[in-house]
Amino acid sequence: MFDTVLVANRGEIALRVIRTLRRLGVRSVAVFSDADADAPHVREADVAVRLGPADRSDSSAAETYLRTDQILAAARRTGAQAVHPGYGFLAENPGFARACADAGLVFIGPPPGAVELMGDKINAKEAVRAAGVPVVPGSQASAPTDGDLVAAADEIGYPVLLKPSAGGGGKGMRLVRDRADLPTEIAAARRVARTAFGDDTLLLERWVDRPRHIEVQVLADAHGTTVHLGERECSLQRRHQKLIEEAPSVLLNAETRAAMGAAAVRAAESCGYTGAGTVEFIVPGIDPDAPSAAEGVRDFFFMEMNTRLQVEHPVTELAVAVGADSARLDLVEWQLRVAAGEPLTFTQSDISFLGHAIEARICAEDPERDFLPTGGRILTLDEPRGEGIRVDSGVAPGTVVTSAYDPMLAKVIAYGPDRPTALRRLRAALADTRILGVTTNTGFLRRLLAHPEVVAGRLDTGLVEQTARQQPALLTAPYSPANATAPAGTATPAHPGDGTDAAATEPPSPSHLLYFAAALARHLELTPAAAPGDWTDPFSLPSGWRLGGTPAWTTHRLRTPGQDPVSVRIRSITAGNVADATDNPVGLTREVELRLDGGAVHRARATLAGDRLHLTVDGLQTTFSLATDTTPGLAAGPVTWLGVEGDAWPLHGYDPAVESAAGAGAHHGALTAPMPGTVTVVKTTAGETVRKGQPLLVLEAMKMEHVIAAPHDGVVAELRVTAGATVAMEDLLVVVAPAEEATARDAPAEPDAAPAEPAEVRS
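Residues numbered from 1 in each chain as written. Predicted model: local features only at pLDDT ≥ 70, side-chain atom pairs only at ≥ 80, totals over all residues. Heavy atoms only, no water.

Participant: Would you explain the overall build of the chain in this entry?
Facilitator: Per the secondary structure count, the chain includes 19 helices and 42 strands. Long-range contacts, defined as pairs at least 24 residues apart, comprise 65% of the intrachain contacts of the chain with a sequence gap of at least 6. Here the chain displays about 32300 Å² of accessible surface, and carbon together with sulfur accounts for 51% of that area. (Helix = DSSP H or I, 4+ residues; strand = E, 2+ residues; numbered from the N terminus. Contact = heavy atoms within 4.5 Å. Areas by Shrake-Rupley, 256 points an atom, 1.4 Å probe, with all protein chains shown as cover.)

Participant: I keep staring at helix α1 (residues 11-23) and nothing clicks. Help me out?
Facilitator: The α-helix winds at 3.6 residues per turn, so residues separated by three or four positions along the chain end up facing the same way. With 13 residues, α1 should cover 18 Å at 1.5 Å per step; its first-to-last C-alpha distance of 19 Å lies within 8% of that length. Counting buried residues in α1 gives 10 out of 13 residues, a clear majority hidden from the surface. Taken residue by residue, α1 has Gly11, Glu12, Ile13, Ala14, Leu15, Arg16, Val17, Ile18, Thr20 and Leu21 as its buried positions. After α1 finishes, the residue Gly25 shows a positive phi value of roughly 80°. (Expected span 1.5 Å × (residues − 1). Buried < 20%, exposed > 50% of the residue type's maximum accessible area, 1.4 Å probe, protein only.)

Participant: What should I look at first to understand the environment of Pro481 in this one?
Facilitator: Following the sequence through the fold, Pro481 ends up in the loop between α15 (463-470) and β25 (491-492). On the basis of relative accessibility, which here comes to 4%, the residue Pro481 falls in the buried class. It is 10.0 Å that separates the C-alpha atoms of Pro481 and Glu368, two residues lying 113 residues apart in sequence. Excluding its chain neighbours within four sequence positions, the residues that come into contact with Pro481 are Leu514, Tyr515, Thr560, Gln563 and Trp649.

Participant: Is there a simple way to think about the sheet that holds strand β8 (residues 202-206) in this case?
Facilitator: To summarise the sheet geometry, strands pair through backbone hydrogen bonds and adopt either a parallel or an antiparallel arrangement. Sheet architecture is open: 3 strands sit in the order β7-β6-β8, paired in antiparallel fashion. Sheet topology places β7 (174-176) and β8 at the edges, where each strand pairs with a single neighbour. Sheet twist, expressed as the average angle between the axes of neighbouring strands with direction ignored, equals 25°. Bridge count between strand β6 (residues 160-164) and β7: 3 bridges; the pairing is antiparallel. Bridge pairing in β7 places Leu161 opposite Leu175. Relative to β8, helix α7 (residues 146-156) is tilted by about 5°, and along the sheet it contacts β6 and β8. (Pairing = 2+ DSSP bridges. Axes fitted to C-alpha atoms, helices over the stretch in contact; angles between N-to-C directions.)

Participant: So what exactly am I meant to see when it comes to the nonpolar core here?
Facilitator: Soluble, globular proteins show a tendency: their nonpolar side chains are buried together. Counting residues in hydrophobic clusters, the biggest one holds 33 residues, and the most contacted among them are Val5 and Phe346. Secondary-structure elements contributing two or more residues to this core are β1 (4-7), α1, β10 (226-238), β14 (320-322) and α11 (331-339). When near neighbours in sequence (up to four residues on either side) are disregarded, Phe346 contacts Leu219, Val227, Val322, Leu329, Trp334 and Ile351. Core analysis: the second largest hydrophobic core is formed by 32 residues, Leu381, Ala422, Val438 and Leu459 among them. (Core = buried A, V, L, I, M, F, W, Y, C linked by side-chain atoms within 4.5 Å.)

Participant: So what exactly am I meant to see when it comes to the pattern of salt bridges here?
Facilitator: Summed over all chains, the structure comprises 56 salt bridges. Residue Asp330 is joined to Arg23 by a salt bridge in which the shortest nitrogen-to-oxygen separation is 2.8 Å. With a gap of 307 residues between them, Asp330 in the loop between β14 and α11 and Arg23 in helix α1 connect regions that are remote in the sequence. The exposure class assigned to Asp330 is buried, which follows from its relative accessible area of 14%. Put simply, Glu280 and Lys242 hold a salt bridge, and the shortest N to O gap is 3.3 Å. With a gap of 38 residues between them, Glu280 in strand β12 (residues 275-284) and Lys242 in strand β11 (residues 241-247) connect regions that are remote in the sequence. Of the two residues, Glu280 and Lys242, both sit in the buried class. (Salt bridge = Lys/Arg side-chain N within 4 Å of Asp/Glu carboxyl O.)

Participant: Any chance you could explain the packing of aromatic side chains here in plain terms?
Facilitator: Each aromatic ring pair is characterised by the separation of its centres together with the angle its planes make. Inspection of the entire model under this criterion finds 8 aromatic pairs. Ring geometry for Tyr65 and Tyr405: centres 5.6 Å apart, planes at 80°, overall edge-to-face. Of this pair, Tyr65 sits in the loop between β3 (47-50) and α3 (68-78) while Tyr405 sits in the loop between β22 (400-401) and β23 (408-416), and the two are 340 residues apart along the sequence. Between Tyr479 and Phe624, the ring centres sit 5.9 Å apart and the planes meet at 85°, which makes this aromatic pair edge-to-face. One end of the pair, Tyr479, is in the loop between α15 and β25; the other, Phe624, is in strand β32 (residues 620-629), and 145 residues separate them in sequence. Each member of the aromatic cluster is reached from another via a ring pair, and the members are Tyr65, Phe89 and Tyr405. Sitting over the face of the ring of Trp553, Arg569 holds its NZ or CZ atom 4.9 Å from the ring centroid. (Phe/Tyr/Trp six-rings, centres within 6.5 Å; stacked < 30°, edge-to-face > 60°. Lys NZ or Arg CZ within 6 Å of the ring centre and 35° of its normal.)

Participant: Help me understand the side chain of Lys163, please; the structure alone is not making it clear to me.
Facilitator: Topologically, Lys163 is positioned in strand β6. Of the residues examined, Lys163 reaches a relative accessible area of 3% and is grouped as buried. Every residue in contact with Lys163, bar those within four places of it in the chain, is listed here: Met173, Thr201, Leu202, Leu203, Glu205, Met303 and Glu304.

Participant: I tried to follow the pairing of strand β31 (residues 612-617) on my own but got confused; where do I start?
Facilitator: Every other side chain in a regular strand lies on the same face of the sheet, so the side chains alternate between the two faces. Alternating positions in β31 separate cleanly, Leu613, Leu615 and Val617 being buried on one face and Arg612, His614 and Thr616 remaining unburied on the opposite face. The pairing of strand β30 (residues 602-609) with β31 spans 6 bridges and is classified as antiparallel. Within β31, the position partnered with Arg605 by the bridge is Thr616. From the end of β30 to the start of β31, which pair antiparallel, there are 2 residues, and Gly610 there has a positive phi angle of about 65°.

Participant: Help me out: how do you make sense of the sheet that holds strand β16 (residues 356-363) in this one?
Facilitator: On the basis of which strands lie adjacent, the open sheet formed by 8 strands has the order β13-β12-β9-β10-β11-β16-β23-β21 and antiparallel pairing. Taken across any chain shown, the strands that pair with only one partner, and hence form the sheet edges, are β13 (301-306) and β21 (389-393). For this sheet, the mean angle separating the axes of adjacent strands, direction not counted, is 25°. In terms of strand pairing, β11 meets β16 through 4 bridges, oriented antiparallel. The residue of β16 that forms the bridge with Ala247 is Ala357.

Participant: Explanation requested: the packing of helix α12 (residues 419-431) against helix α13 (residues 442-449) in the structure shown.
Facilitator: Relative orientation and spacing of two packed helices are given, respectively, by the angle between their axes and the distance between those axes. Across the interface, α12 lies against α13 with an axial gap of 9 Å and an inter-helix angle of 155°. Between α12 and α13, the interaxial angle falls into the category roughly antiparallel. α13 is crossed by α12, and the crossing has left-handed handedness. In contact with Leu423, Leu426, Arg427, Leu430 and Ala431 of α12, α13 contributes Thr442, Leu445, Arg446 and Leu449. (Parallel < 35°, antiparallel > 145°, perpendicular 65-115°, else oblique. Left-handed = near helix turned anticlockwise from the far one by under 90°.)

Participant: Just to check I follow, could you spell out the environment of Gly677 for this structure?
Facilitator: Along the chain, the position of Gly677 falls in strand β36 (residues 677-682). Along the sequence, Gly677 and Glu700 sit 23 residues apart, while their C-alpha atoms lie 5.4 Å from each other. The contacts of Gly677, once residues within four sequence positions are left out, are Ser403, Leu699, Glu700, Ala701, Ala725, Thr726 and Val727.

Participant: Which parts of the structure should I look at to understand unusual backbone geometry?
Facilitator: Most peptide bonds adopt trans geometry, and most residues besides glycine take a negative phi value. At the junction of Tyr158 and Pro159, the peptide bond is cis and its omega measures out at 0° in the coordinates. By the secondary structure assignment, Pro159 is in the loop between α7 and β6. Looking along the chain, the bond that leaves Ala247 and enters Pro248 is cis, with omega of -5°. Of note, Asp597 is a non-glycine position whose phi angle comes to about 50°, a positive value. Take Asp597: it is sitting in the loop between β29 (592-596) and β30. A relative accessible area of 39% means that Asp597 is categorised as partly exposed. Of note, Asp618 is a non-glycine position whose phi angle comes to about 50°, a positive value. With respect to the helices and strands, Asp618 occurs in the loop between β31 and β32. Accessibility expressed as a relative area gives 39% for Asp618, which makes it partly exposed.

Now the structure itself:
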């Protein structure tokens, strides 16, 4: 075994490898960019080395985690004997594997030749085809031109799938259903492939209807033994990005499982593979209304081989048992042992499934904004615990999530003796996951796991997007401000002339409770700390008390991104003497009345206990996690973050006067950044005439492209960015003046124009 191993990665996978190294007594070396200087993987390692230019700060992957020379220099400096690449970055780069060997370092992975062969999707298909592994019909050329791809699509028929030959992880994949769209999609796929993998070679395959994505974990030593560790179902995806993975698959019968496992072993042996790897297959789905065959081998087709550890490897570690004592495997440990020359100590007959495991990937993205990448500083992080729960995380409270790297923050994995138990445990664990300060997909994943088709095991790679189109309510957060379109509860008429407000006869919706909680949290912050002697000036308290009348309303104006602002009014119910009306202990409100905009009045109480806000409205209590972002420079002041059932939202203060002044100077053709990221392509110039929908520039964040298009016909009045520019969310990118305004602005002034009529003044 090695004495020192350098981990050439970051985030949760770096932490995962480092912890196994520590358990084995191996010294660990981390590498880090300036952005990751305080990251958990840096603190966890025995020693860490900075990556990046010596004369400036540049945390881009190209200048840090993708710099082979700097990583090898770090290994020499720290005395490392081997390098573990993790996944992503250089993990599937044959040049890096060779460079390690040339430097006298052991690359903890397969031989460079295997990485190169299986990294080339076109040649990999030919290699496994020769080994008797079934493959999906598609393009045959090793470096097809655009014309070759169009011809191949015409031959096999539509729909077709475009895939980068050198890539993996779903990046750059394009589903094309119409021949007219193919040239545009080829150009886009080549651009992503070139950016992500440095190679724009594409392949084209027939699209399999109702496809299920099922992969097989293989493990091979250098002594001629290759085994498979069963399959993982990865069919729950969005834009070809995996969301949920589980083992075993509910689709496969014993015959198909054995056939796929044997095919995966043949694929690995065809390239001289050693170490841990994954062979991915596409399996035609089954019509849910058709009878399902219990026997016989189903069709399956080779897609690709990932020559590295997979993100979803924990489900295999939890669900696969080895030997008579049902021992569990640590796949990182076996990567290390194989790389050190040790043989496998078990055979295929020793391996079996025992129980069921399911994993959910928590990512910094916003499901309510079409899953655009997000970012920010993590204010609160509370990871779930409990029986059968495992968390592989790469973040901590205070971690700043940027657009420079992959959006995945953590993985939550649940194990149970059967699939229903694992599903229940994972849903509960996601509900207990609290991340405030950065918007994530945690709540969305929890609702996805409750989808009737998911519970029944009727999965395919299009289920998530199909549900989003046809049954969006199944995946929508009940507390989302986007649902707050109606007044908060049905009201009974007020009594004429008695000064009372309409009272609610129905409970408020969950979305209204979110606004109520934010307003009451801000209301509690208005209570000053007690002076020496426990005396507090009663007139400094937010009681609304006034002499001889009903307490006054205190108004809290709030807004959430993408939604109209709202007003929540609060007043004390107590109308007695000064002491009763103003004696509000810190962290607790007496019973109050509140209303959202012009809605009904509800009776409520809020109690703050640490970072939990217990809100009771009309007798129903809901508990929110609470954090406040007081980062200097926030234009609208502190931001209140509230979380519930895995979801979280920022609620900003809203000042109508300030917003009105800002809005007066804004152009309705102004296009702002929908996410933090980097401008990769600029397709327009200032003064250019553009049409509605015309692409103007491309913004990339966390390996995802977003096209900024013209909102209407017009002229580019301002262009604020250039290719390569880094922008923050809501930064102004470009202004497109409507055609009629541009024409009016450029037209010569009329001579001897008559004086304008005086403007009407209203008060």
